[in-house]
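Remarks on the overall topology
Each chain is listed here by its residues.
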Amino acid sequence: MDKQNEVLLNTFVISKKKYRVFYNAGVLVWEAENSKKGEKTTVPIGDIISATLSTTASGRSSSKANAHNIATTYGTTSSTHAPMNETMDYDRIPVLPTSSSTTTNATINTMTTTTTNLSNRVNSYDILNSEYEDDNYGVSSATNANYLIIHYARLVSPRTSKWRVQQLSLYNGEQRIVKFWHSRLSDDIREQARPKNLLLFLNPYGGKQNAFALFEKYAKPLFHLAHVDINLIITQRAQQIYDIMTSQTIKLSNYDGVVCCGGDGTFAELFNGLVYRTMIDLGMDINCPPYLPKPSLPIGIIPAGSTDTVAYCLNGTTDIKTSIIHIILGQSSGLDISSVYRNGSGENDGRQPQLLKLYASVMSYGFLGDVTMDSENYRWMGPKRYDYSGVKKFLRNRGYNVDVKVQIEKEEIDGGRRDKNNPHDGVRCLENCQRCQLAATKDHSNATDCDTVEEVSVRGKFLMVNGANISCACHRSPQGFNPNCHLGDGYLDLIFVRHTSLFNNIRLLLAMSSKTKEISDLPFVEIYRTKQFTFNSHGQGHVNGVNVVNDEDQTASSAATTATNSPKVNGAETPKQVAHDKKLFSRWNCDGEILLDTNVTVICNCQLINVFRRGVSCRDSTCKDNEANVLNCCGLCK
């Protein structure tokens, strides 16, 4: 019989109650035999992490001596070894020893990198089907196993998008039935497109400097459970991940994905290194590439930073176990990456402009750039340095004169022209987002039709200018810059915050920290949705990496001449005011790093990389009344 049409139906005992258990077409279902309500629990094969034979309901060896050794070695309490049922969370299971653990030292650019190979499979899945018995793994020989232990992932909190690994213990007196079910589930799990070998970079210095402890407590046991081999590299300095990825000392074809454990800066290092490595492998000029190639390996992030904005936007939470589960299950989707080019480079000689940086979250000029630059002086304060520098720059309330040219796509509607993409349309990027799925199928190799693009010039004095690939939401700012920003539609949101009074700045901070208000409702905030923009700071700041600031002894006549070409914001400006403003310049905050080049062109590259993610489930109970959101809520709102 065809496996797709074959139905497995048997009675098993779960927590001392009889259940009817079905398995067909990749879906596992169980329900109590005497249940009058007909309540069923359904788990697709894509959410099942492992299936293991065991002689005990807990999935552990009954050997008290071995259990004591495990508890002593890994600090496990006695309650951990209590019999488990189908609702117990796997984070209460102790970390078990891996089959092999070897440590080597790899020297890259005279820097020592600690590399640890964690093999969690023991001859891959062969152990599950062999006569092997090992108390450390809780796997018993097929001759005396009456329990089938199934670990599966489940969304336990749609409101917070948290996933957990839960355990189901199936008992049947006939070992033949248990073995047959185990063989069938194991075969189907192997057919899932999941990573089996991962290259993982761990930054022990980011955030609260507890990344290694988080890895040991959560990531290691979960990867062990899913039989995923990890090549762990613990970094020792900034930009080491980038140097390792681009050095070609690591053969990326040996891995099914690359993962980082750290904050947003660690993630930025990783995908920059991966994209540049792809260009190097293709023989491209990494300074002026003709195009940006898409890497073949997906990227995962285990949040262990200060804010973890990227992880929050990808998964709807910074919960570390949720991120690890998404990596294990192997589901991935495209993420937009913006490229930053130096203005003026390559235009006269016909070459491509010089590529400066790639970023995934936000590139900000003005206030956030000032905070990042100032906070470098207080690194000894840890994450609190951002709060301290933020208060200083907020009270100073500086504004910067800029000129930004934005390319806006237009469409013909009823004989008129309007913006093709409205950043205030109210459609959010949720699981199975149709807008992102449609963008993935389009051909982005050709330039946009010039007849549908208009260049809009935005000039003025601004507190900050932000080019956001994602909403940049986090626990401190639940809505971010724009909650309607999509992860893979090929567009970025350009947010202008005009220079205004200190009172209005307080209104901005309150809106940023609100769970319901959006900063776009403020009259001094403008948002444009675009694929490309060009930024000019009127000559002050850094041009081609060189500091350019007007001379202190600037004459009034030159200031008056400058005033003629300067924008007038909130009334006319005197030559003296313009001369003062010309002495002020900011820097770009590019994914948390300082970019000295001020005048740049930014282009959004649609789904340049793939990231391990499931998507954010719909948590808005009112979205059934909003047609746009119903399309994205995946039927979760009923």
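The preceding data block contains the structure.
These lines cover the structure that appears in this document, whether it is placed above or below. Please read these numbers as outputs of a predicted model, since none were measured by experiment.

Details of the nonpolar core
Core analysis: the biggest nonpolar cluster contains 63 residues, and Phe267, Leu335, Leu508 and Ile609 have the highest contact counts within it. In terms of residue count, helix α6 (residues 264–281) provides more of this core than any other element does, 8 residues in total. Not counting residues up to four positions away in its chain, the partners in contact with Phe267 are Cys260, Ile299, Ile301, Val310, Leu335, Ala360, Ile609 and Val611. Counting residues in hydrophobic clusters, the runner-up holds 32 residues, among them Trp163, Leu200, Val228 and Ile234.

Side note on the environment of Ile233
For Ile233, the location among the structural elements is in strand β11 (residues 229–234). The spacing of Ile233 and Asn203 is 30 residues in sequence and 8.8 Å in space, taken between C-alpha atoms.

Digging into the side chain of Ser157
Mapped onto the elements of the fold, Ser157 is located in strand β8 (residues 147–157). The exposure class assigned to Ser157 is buried, which follows from its relative accessible area of 18%. Within the local environment of Ser157, its side chain forms a polar contact with the side chain of Thr160, the two groups lying 2.6 Å apart.

Structural notes on the packing of helix α9 (residues 367–375) against helix α10 (residues 384–396)
Here α9 crosses α10 at 130°, and the two axes come no closer than 9 Å. By the angle class used here, α9 and α10 are oblique. Every pair of crossing elements has a handedness; the one defined by α9 and α10 is right-handed. Between α9, through Phe367, Asp370, Val371, Asp374 and Ser375, and α10, the contact on the second element is made entirely by Arg385, Tyr386, Ser389, Gly390, Lys392, Lys393 and Phe394. When the residues that make up the contact of α9 with α10 are grouped by side-chain class, the tally is 4 nonpolar, 3 polar and 5 charged.

Rules and cut-offs
- Residues numbered from 1 in each chain as written.
- Predicted model: local features only at pLDDT ≥ 70, side-chain atom pairs only at ≥ 80, totals over all residues.
- Heavy atoms only, no water.
- Core = buried A, V, L, I, M, F, W, Y, C linked by side-chain atoms within 4.5 Å.
- Buried < 20%, exposed > 50% of the residue type's maximum accessible area, 1.4 Å probe, protein only.
- Helix = DSSP H or I, 4+ residues; strand = E, 2+ residues; numbered from the N terminus.
- Contact = heavy atoms within 4.5 Å.
- Polar contact = N/O pair within 3.5 Å; in protein donor to acceptor, adjacent residues only side chain to side chain.
- Axes fitted to C-alpha atoms, helices over the stretch in contact; angles between N-to-C directions.
- Parallel < 35°, antiparallel > 145°, perpendicular 65-115°, else oblique.
- Left-handed = near helix turned anticlockwise from the far one by under 90°.
- Nonpolar A, V, L, I, M, F, W, Y, C, P; charged D, E, K, R; others polar.

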